[in-house]
Amino acid sequence: MSSYHLPHLAQLEHEAIFVLRETVAQFDRPALLFSGGKDSTVLLQLARKAFQPAALPFPLVHVDTGHNFPETLAFRDRVIAETGARLIVRQVEDSIKAGRVTEESGANASRNALQTVTLLDAIQESRFDACIGGARRDEEKARAKERFFSHRDEFGQWNPKNQRPELWNLFNGRKAPGEHFRIFPLSNWTELDVWHYIAQERLALPSLYFSHERAMVNRHGVLLAHSPYLTLHPGETIDRQRVRFRTVGDMTCTGATVSTAATLDEVIQEVAVSRMGERGGRADDLRSDSALEDRKRAGYF
Amino acid sequence: MITPLHPALPPPTSDILRFTTAGSVDDGKSTLIGRLLHDSHAVTDDQLAAVKRITAQRGEENLNLSLLTDGLRAEREQGITIDVAYRYFATARRKFIIADTPGHIQYTRNMVTGASTADLAIVLVDARKGISEQTRRHSLIASLLRIPHLVLCINKMDLVAWSEQRFADLVGEFSAFASRLDIADLKFIPISALHGDNVVTASARMPWHEGGTLLYHLETVYHGGTHNHIDARFPVQTVIRPNNDLHHDFRGLAGRIASGVFKPGDRVVVFPSGLETQIKTIQGPAGEVAEAFAPMSVVVTLSDDLDVSRGDMLAKPNNRPTQSQDIEAMICWLGEKPLQPEGNYLLRHTTRETRCRIQTVRYKMDLSTLHKKDGDLVIGPNDIGRIELRTATPLLFDPYRSNRGTGSFILIDEFTHATVGAGMIL
């Protein structure tokens, strides 16, 4: 009896594959939201495994804020070339030009929140009914409340107070026309699980995740990469530091940590003993105590 | 700052224990979870700093650990837990997933949701107040949902002077009640979540307790999972047809093993057609495997080219699921509107969806006495009752008590698409 045992990482892998297959079985037009970060890289690997030897039964969608790290975009293009996956890119820049959104102004300006409009427009335009994302419950307190199959109304909004109970392995993807679902196969994974899986599968990642020297600006304790998109506050200085990023988002809001972890093993050791949360360096989350919940309600990733 | 006793590194080879926590509103559930998370390094400095900041803003005296678990703005404003939240922590021995469910009576459905995937349930009791209606209700749900391990934590022992007698009385009282339930393994632990006694470290103030700490129990309790490894059942989730030159004849049945074990070469019956064939290959995420068991996600190829699609099921010729349109079940009602007698619903069971009609409401259960409620057959939100229903197409099932995977179903409102019922087949 005891020989029928799966180690915990394998349990998570089998669960995620089940969720991905259930998505394809229950929806007509799914898509995978691919940012080029570590979580969506793991998600893509799981999706390829779930449907092999067939090709991926859905396209990848990337919402490009125009403020991405060049390393992320290079990595994205390399993954697409190697896997032959279909990629749809939507630019926040286009939403700005079309007058759909207005760019934030001031020194703390970020396009992070504007992505929501571009994303929802892309969903409507391509008539996607299920968007698979790499969000995990351990990332943030609002995400801890997420379902595997998370309903969005016709305006793309999340209503966390009235979510469908999710029992056993029975997922209810029923919806009215115009509504869609967000699907989170990595719900039960922690940051460390993701890293262990990357090591197990020998997955390539953007170089940002590993220690490198970079010009940095310290803003209220958040270490931001110096870039053309960042306007310096009076008194702020640019210092070269050895850093790595734990999450990869916009250059204007993704904080780095000072780190010498240059290999997978070193990163795993660092994550295992870290006393800071993964998103502790995300300026977009630090705007208020419920910043991520508010963005999620509006239709954010 | 409490020094962690265990390194935060969960080795990739450890297993997972999923548990749910229940208790009345002020029994100290948030404090207990906060302590487990904190002492196992799962609370990071920035989370703790945020909790301290908000506690100070509100002018509260004690560090409010419930802020760690109440994730929604409305929950933090009102100081209540609305919805199930999932928490993660790991020790050197195991990875843990906590389904943290609200304590209010009106949120019984959230407890049912959390319990549906749990291997173990912790029910908290206030040592001063004793066994309450909520304690009985939560234990009944744990028993009904077939959670194999129940831990009754008698909390706030500091407020009853660490009394061995008080603990013994509560153990006696609850044991008498629990003998009418179906609980495979029942454990009692006297704790003080506030002071940490018997949560992670053994209590010097209760040397009479020899049963170990809560964390030790969570780390070492034997669980072969809640999976049945005897009755081989494979519900087909989707069919994989690559349609490319390399694999143009490939036709794989993808799905998750619900129970039992399958091997290449096994004779299998395809339901509902009843046709027999042989398993040719089984592929897991990393390639071909020699055997597959629950809860593995695999792709099965068959020796014969049969018509098999989503909702069908593979089983063994000498061990078949029940096939019927008439189902008797216990139902936990999740919807706002009461269950409609003779109403039609969508029913989702394994990978199959079909229409069904409620035929009879046999009885409604009084959750505090375990008795049937006389003359009251209205199954409203958070009620549990026994019903008969008839499905449009036959279900392939086993009783829930022997097979969670093929014995459970949900009911969906055809108009609102809401999940309104959780069923366990008798």
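Along each chain, residues carry numbers from 1 onward, in the same order as the chain's sequence is written. Whichever chain is written first becomes A and whichever ligand is written first becomes 1, with later ones labelled in order. Whole-chain, interface and lining totals are the exception, using all residues; otherwise, since this is a predicted model, local features are given only for residues with pLDDT of at least 70 and side-chain atom pairs are given and counted only at 80 or more.

S.K.: Would you take a moment to explain the overall build of chain A for this structure?
M.R.: The helix and strand tally for chain A stands at eight helices and ten strands. Each radius of gyration reported is based on C-alpha atoms, and the globular scaling rule is 2.2 Å times the count of residues to the power 0.38. In terms of overall size, chain A behaves like a compact globule, its C-alpha atoms giving a radius of gyration of 19 Å where 301 residues would be expected to give roughly 19 Å. Partly exposed residues are those whose C-beta has more than 12 but fewer than 20 other C-beta atoms within 10 Å; 20 or more makes a residue buried and 12 or fewer makes it exposed, with C-beta atoms placed from the backbone. Out of the 301 residues in chain A, the part that is buried amounts to 53%. Counting from the N terminus, the helices are DSSP H or I runs at least four residues long and the strands are E runs at least two residues long.

S.K.: Sorry if this is basic, but what is going on with the confidence of the model for chain B here?
M.R.: Segments scoring low in pLDDT should not have their predicted coordinates read at a detailed level. pLDDT runs from 0 to 100 and stands for how confident the predictor is about each residue. For chain B, per-residue confidence averages 88 on the pLDDT scale, and residues scoring 70 or more make up 91% of the total. For the purpose of contact definition, each residue receives a C-beta atom placed from its backbone, and two residues are in contact when these atoms lie within 7 Å. Scored below 50 in pLDDT, residues 1-10 of chain B shows 20 contacts in the model against residues more than four places distant or in partner chains.

S.K.: How should the interface of chain B and chain A be read in this particular structure?
M.R.: When the parts come together, some accessible area is lost, and that loss is often what is quoted as the size of the interface. Counting residues at the interface gives 58 residues for chain B, matched by 53 residues for chain A. With five residues, helix H2 (residues 45-58) of chain B is the single largest residue contributor to the side of chain B that touches chain A. Following the grouping adopted for this structure description, the nonpolar residues are Ala, Val, Leu, Ile, Met, Phe, Trp, Tyr, Cys and Pro, the charged ones are Asp, Glu, Lys and Arg, and the polar ones are all others, Gly among them. Residues of the side of chain B that touches chain A, tallied by class, amount to 28 nonpolar, 17 polar and 13 charged.

S.K.: Before we go on, may I ask you to explain helix H5 (residues 108-115) of chain B in this structure?
M.R.: Residue pairs three or four apart in sequence face the same way in an α-helix, which turns once every 3.6 residues. Residue and element names in this part refer to chain B. Counting buried positions along H5 yields eight of eight residues, so the element is predominantly enclosed. The set of residues buried in H5 consists of Thr108, Arg109, Asn110, Met111, Val112, Thr113, Gly114 and Ala115. The inward-facing, buried residues of H5 contact strand E1 (15-22), strand E3 (94-100), strand E4 (120-126), helix H6 (133-144), strand E17 (322-333) and strand E23 (419-425).

S.K.: Could you clarify how one ought to interpret the sheet that holds strand E2 (residues 60-64) of chain A in this entry?
M.R.: Strand pairs in the sheet, formed through backbone hydrogen bonds, run parallel or antiparallel to each other. Residue and element names in this part refer to chain A. At least two bridges found by DSSP between two strands are what make those strands a pair. Taken together, six strands build an open sheet; the order of strands is E3-E2-E1-E4-E6-E5 and the sheet is mixed. The open sheet has two edge strands, strand E3 (87-91) and strand E5 (149-152), and neither has a second partner. Adjacent strand axes in the sheet meet at a mean angle of 30° when their direction is disregarded. Bridge count for strand E1 (residues 30-33) against E2 is two bridges, and the pairing is parallel. If you follow Leu32 over to E2, its bridge partner there is Leu60. Angles here are taken between N-to-C directions and fall from 0 to 180 degrees, while the axes themselves are lines fitted to C-alpha atoms, restricted in helices to the stretch in contact. Strand contacts of helix H1 (residues 8-26): E1, strand E4 (130-132) and strand E6 (180-183), with the helix running at about 160° to E4, the strand carrying the most contacts.

S.K.: Help me understand the pairing of strand E7 (residues 212-219) of chain A, please; the structure alone is not making it clear to me.
M.R.: Two faces, one strand: in a regular strand the side chains alternate between the faces of the sheet. Residues and elements named next belong to chain A. Where E7 lies against strand E9 (residues 238-245), six bridges are found, and the strand directions are antiparallel. Within the sheet, the bridge partner assigned to Val217 lies in E9 and is Ile238. As paired elements, E7 and strand E8 (residues 222-225) share four bridges and run antiparallel to each other. If you follow Val217 over to E8, its bridge partner there is Leu224. What sits between the antiparallel neighbours E7 and E8 is a turn of two residues, in which His220 has the positive phi angle 50°.

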